[in-house]
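Architecture and fold: a report
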Amino acid sequence: MTLTVSLATLVAGIVIGYLWQRSRSCSISGYRDFFLFRDTLFMRTIIGMALGALIGYLLFYRFSSLMSDFPLYLHNEPGANSIPTLILAAIGGLGYAFFSVLAEGCPLRQHVNATTGNGMSIFYLLGFYSGILFFWLVVSEIAALFLRLF
Amino acid sequence: MVKVDKLTAGFFTGLWAAIAQAWVGVLPPSAFGICFISHPNDLFNWTINKLFGTSFYVHDPSIDLPVLTVIGVLIGASLATIQHKEFKFKMPRNPLDHYINGFMVAVFGLLLGYCSVHIIMGLMYGSIIALTGFAAMMVGVTLAVRYIKWRVRR
């Protein structure tokens, strides 16, 4: 099963990478351009994702046992009743969006742009993977302490 | 020259998340078909764990073999770049700024557990945590836009 998952995600990633490179898509620029210029061009990616996911979930959940918890709010989502978890999610969401707008793109777009030789994205990715390491060495401990305190 | 509409690219991405959940078994957590915070995290931590014998956290689908979305995207985007002869290295003016932005996005993204692609899937799947994160994201975008405007005025 894990080999299937790895291979399937690899193949899907190749298709998504190709499509996002050719369409210059981004999942954060849509909001930025809308708030900044009322421009809705990049919102098309976000609308497409929402439609694709919603149609897919609605189509498949009747036939797949792996979707027995759909929709999640009716199935006691882990952590959803915990205020500290929601606070951490809110802090995370705020910071993620703030720095993604300053970076001029979401992580997926930065990975795609790096393949075109965009130095901005290459330095972004160096920081991104350093950030993952820093999170697990330092921040995760602080977050766990915060959850234990409340 | 191949051109792809943003709506099509987005639609396929969303549909893949549903297929990954329902038929491939990329879970738990639910709605985990695509995430550009958690999937890079899993690949990176899995590699570090194998190389150095550490035990950094990876999600369940990546315990034996990691999810390879990141590698796939890099291959797919490289193919498109090569096909259309679009590779051109450009050195940024302030590399440290971009390094810091990437660093902060990873830290805050891992705190949230979602990226801006994954959060749409979470919302469509009915996640309360995704809804909270999404609302906070909109505040973050608003603050960043105000900051950009303020910086331009100065």
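Use the structure listed above.
First things first, this report covers the structure right here in the doc. Remember, predicted model here, so these are calculated numbers, not experimental data. (Residues numbered from 1 in each chain as written. Chains lettered and ligands numbered in written order. Predicted model: local features only at pLDDT ≥ 70, side-chain atom pairs only at ≥ 80, totals over all residues. Heavy atoms only, no water.)

1. Some details on the overall build of chain B
Within chain B, the secondary structure is distributed over six helices and zero strands. Ordered by position in the sequence, the α and β elements of chain B form the string α-α-α-α-α-α. Projected onto the principal axes, the alpha-carbon positions of chain B cover approximately 50 × 40 × 40 Å. Of the roughly 7100 Å² of accessible surface on chain B, 66% is carried by carbon and sulfur atoms. (Helix = DSSP H or I, 4+ residues; strand = E, 2+ residues; numbered from the N terminus. Areas by Shrake-Rupley, 256 points an atom, 1.4 Å probe, with all protein chains shown as cover.)

2. Brief notes about the packing of helix α3 (residues 43-60) of chain A against helix α5 (residues 118-125) of chain B
In contact at an axis separation of 9 Å, α3(A) and α5(B) are set at 40 degrees when each is read in the N-to-C sense. Taken together, α3(A) and α5(B) sit at an angle that is classed as oblique. As for the relative orientation of α3(A) and α5(B), their crossing is right-handed in sense. Across the interface between the two elements, Ile46(A), Met49(A), Ala50(A), Ala53(A), Leu54(A) and Tyr57(A) of α3(A) pack against Ile120(B), Met121(B), Met124(B) and Tyr125(B) of α5(B). Residues belonging to the contact of α3(A) with α5(B) are distributed by class as follows: ten nonpolar, no polar and no charged. (Axes fitted to C-alpha atoms, helices over the stretch in contact; angles between N-to-C directions. Parallel < 35°, antiparallel > 145°, perpendicular 65-115°, else oblique. Left-handed = near helix turned anticlockwise from the far one by under 90°. Contact = heavy atoms within 4.5 Å. Nonpolar A, V, L, I, M, F, W, Y, C, P; charged D, E, K, R; others polar.)

3. Details of the packing of helix α1 (residues 2-23) of chain A against helix α1 (residues 6-24) of chain B
At a minimum axis distance of 9 Å, the contact between α1(A) and α1(B) shows a crossing angle of 170 degrees. The angle between the axes of α1(A) and α1(B) places the two elements in the roughly antiparallel class. Across the interface between the two elements, Thr4(A), Val5(A), Ala8(A), Thr9(A), Ala12(A), Val15(A), Ile16(A), Leu19(A), Trp20(A) and Ser23(A) from α1(A) touch Lys6(B), Ala9(B), Phe12(B), Thr13(B), Trp16(B) and Val24(B) from α1(B).

4. Side note on the interface of chain A and chain B
Taken together, the contact pairs 105 residues of chain A with 106 residues of chain B. Surface buried jointly by chain A and chain B totals about 9600 Å² across both partners, of which 77% is contributed by carbon and sulfur atoms. Among the residues chain A hides against chain B, the three largest losses belong to Arg22(A), Tyr57(A) and Tyr96(A). Together they make up 7% of the total. In this assembly, chain A and chain B are joined by three salt bridges. A salt bridge links Arg44(A) to Asp5(B); the nearest nitrogen and oxygen atoms lie 2.9 Å apart. Put simply, chain A and chain B have 28 residue pairs in polar contact (both at pLDDT 80 or more) between them. Contributing elements (two or more residues each) for the side of chain A that touches chain B: α1, α2 (29-37), α3, α4 (83-102), α5 (107-114) and α6 (119-149) of chain A. By residue class, the composition of the side of chain A that touches chain B is 69 nonpolar, 30 polar and six charged. (Buried area = accessible area lost by both parts, 1.4 Å probe. Salt bridge = Lys/Arg side-chain N within 4 Å of Asp/Glu carboxyl O. Polar contact = N/O pair within 3.5 Å; in protein donor to acceptor, adjacent residues only side chain to side chain.)

5. What to know about unusual backbone geometry
For the peptide bond that leads from Leu27(B) to Pro28(B), omega is -5 degrees, which places it in the cis range. Considering the arrangement of structural elements, one finds Pro28(B) in the loop between α1 and α2 (38-52). The backbone phi angle of Glu104(A) is positive, close to 65 degrees, even though this residue is not glycine. Topologically, Glu104(A) is positioned in the loop between α4 and α5. In this model, Lys85(B) sits at a positive phi of 45 degrees, which is unusual for a non-glycine residue. With respect to the helices and strands, the residue Lys85(B) is situated in the loop between α3 (69-83) and α4 (95-112). Among the residues examined, Lys85(B) registers a relative accessible area of 74% and is labelled exposed. (Buried < 20%, exposed > 50% of the residue type's maximum accessible area, 1.4 Å probe, protein only.)

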